[in-house]
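Read off the chains here:
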Amino acid sequence: MIQQLSVFVENQPGSIMRVTSALTEAKINIRAIASFDGPEFAILRLVVDQPEKAKDYLTTKGFVVRLHKVIAVELQDEKGNLNQMLEVLAKGGLSISYIYSFVIRGDKAPVMVFNTDDYEKAEKCLKAAGINLIEEMDL
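Residues numbered from 1 in each chain as written. Predicted model: local features only at pLDDT ≥ 70, side-chain atom pairs only at ≥ 80, totals over all residues. Heavy atoms only, no water.

Caption draft 1: Here's a closer look at the overall build of the protein chain. If you tally the helices and strands in the protein chain, you get four helices and seven strands. The order of helices and strands in the protein chain, counted from the N terminus, is β-α-β-β-α-β-α-β-β-α-β. Against the globule reference of 14 Å for 139 residues, the protein chain gives a C-alpha radius of gyration of 16 Å, in line with a compact fold. Taken over the C-alpha atoms alone, the protein chain extends approximately 45 × 35 × 25 Å along its principal axes. (Helix = DSSP H or I, 4+ residues; strand = E, 2+ residues; numbered from the N terminus. Rg over C-alpha atoms; globule rule 2.2 N^0.38 Å.)

Caption draft 2: The nonpolar core, seen in detail. L5, V7, V19, L23, L46 and L58 are the most contacted members of the largest nonpolar core, which totals 16 residues. For this core, the secondary structure elements donating two or more residues are β1 (2-10), α1 (15-25), β3 (41-48) and α2 (51-60). Considering each element in turn, this core owes the most residues, four residues, to β3. Once you skip the residues sitting within four places of it in the chain, V7 turns out to touch V19, A42, I43, L44, L46, L58, F63, V64 and V65. The next biggest cluster of nonpolar side chains, apart from the first, holds 13 residues, and it includes V88, L94, A122 and L126. (Core = buried A, V, L, I, M, F, W, Y, C linked by side-chain atoms within 4.5 Å. Buried < 20%, exposed > 50% of the residue type's maximum accessible area, 1.4 Å probe, protein only. Contact = heavy atoms within 4.5 Å.)

Caption draft 3: Quick peek at the layout of surface pockets. There is about 180 Å³ of room inside the largest pocket. Where the lining of the largest pocket is concerned, the elements lending two or more residues are β1 and α1. Top contributing element to the lining of the largest pocket by residue count: β1, with three residues. Grouping the amino acids of the lining of the largest pocket by side-chain chemistry returns five nonpolar, three polar and three charged. (1 Å grid on protein atoms, 1.4 Å probe; cavity = no way out; pocket = protein on both sides within 12 Å on 5 of 7 lines; lining within 4 Å. Points joined across faces, edges and corners; volume = space filled by probe spheres on them. Nonpolar A, V, L, I, M, F, W, Y, C, P; charged D, E, K, R; others polar.)

Caption draft 4: Inspection of unusual backbone geometry at higher detail. A positive phi is found at K27, a non-glycine position, where the angle reads about 60 degrees. When its relative accessible area of 67% is taken as the criterion, K27 is described as exposed.

Caption draft 5: Just the pairing of β1, in detail. Most of β1 sits out of view: seven of its nine residues are buried. One ladder, built from seven bridges, connects β1 with strand β4 (residues 64-74); its direction is antiparallel. Bridging from a neighbouring strand, L5 pairs with L67 of β4. In terms of strand pairing, β1 meets β3 through six bridges, oriented antiparallel. Of the residues in β3, the one forming a bridge with L5 is L46. (Pairing = 2+ DSSP bridges.)

Caption draft 6: Main features of α1. Residues S15, V19, A22 and L23 constitute the buried set of α1. Buried residues of α1 fall within an arc of 100 degrees about the axis and therefore sit on the same side. Buried residues belonging to α1 abut β1, β2 (30-37), β3 and α2. Remark: K27 follows α1 within two positions and exhibits a positive phi of approximately 60 degrees. (Arc of directions from axis to C-beta.)

Caption draft 7: Expanded view of the packing of aromatic side chains. Enumeration according to the criterion identifies three aromatic pairs in this entry. An angle of 50 degrees between the planes, with centres 5.6 Å apart, marks the rings of F36 and Y98 as tilted. Highlighted residues: F36 in strand β2 and Y98 in strand β5 (residues 96-102), separated in sequence by 62 residues. A relative accessible area of 8% means that Y98 is categorised as buried. Here R45 stacks its cationic end above the ring of F36, 5.2 Å away from the centre of that ring. Just above the ring of Y98 sits the side chain of R45; from NZ or CZ to the centre is 3.8 Å. (Phe/Tyr/Trp six-rings, centres within 6.5 Å; stacked < 30°, edge-to-face > 60°. Lys NZ or Arg CZ within 6 Å of the ring centre and 35° of its normal.)

What follows is the structure, given as structure tokens:
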């Protein structure tokens, strides 16, 4: 598993840029970013190279930040691979609350990041199906 930041931002111009500017000031590299919109606030989900430092720095800048674990898997860029992974999880009785991907890894395969209701069970199902799980050091 890897660590992910969830940052709550207001739905107004420049709110995401204020987060990325703060991370730039702290010399933190953003590896993946996804925004999930709500009526008044959005949840910005980020995978960064220094998650603990990022959380601490953003908190000092007044942001509401949560740090939690998510599952990351490497999927070769081939037709049907995402569906195959989702089928493994569905057959395992696992629910996914959100999912996103990133590909900035040089010559390595893209990574899918997702949140589920049972991490241990998800890991077992994915490993049994031969799907490569990613750890922080693999990023």
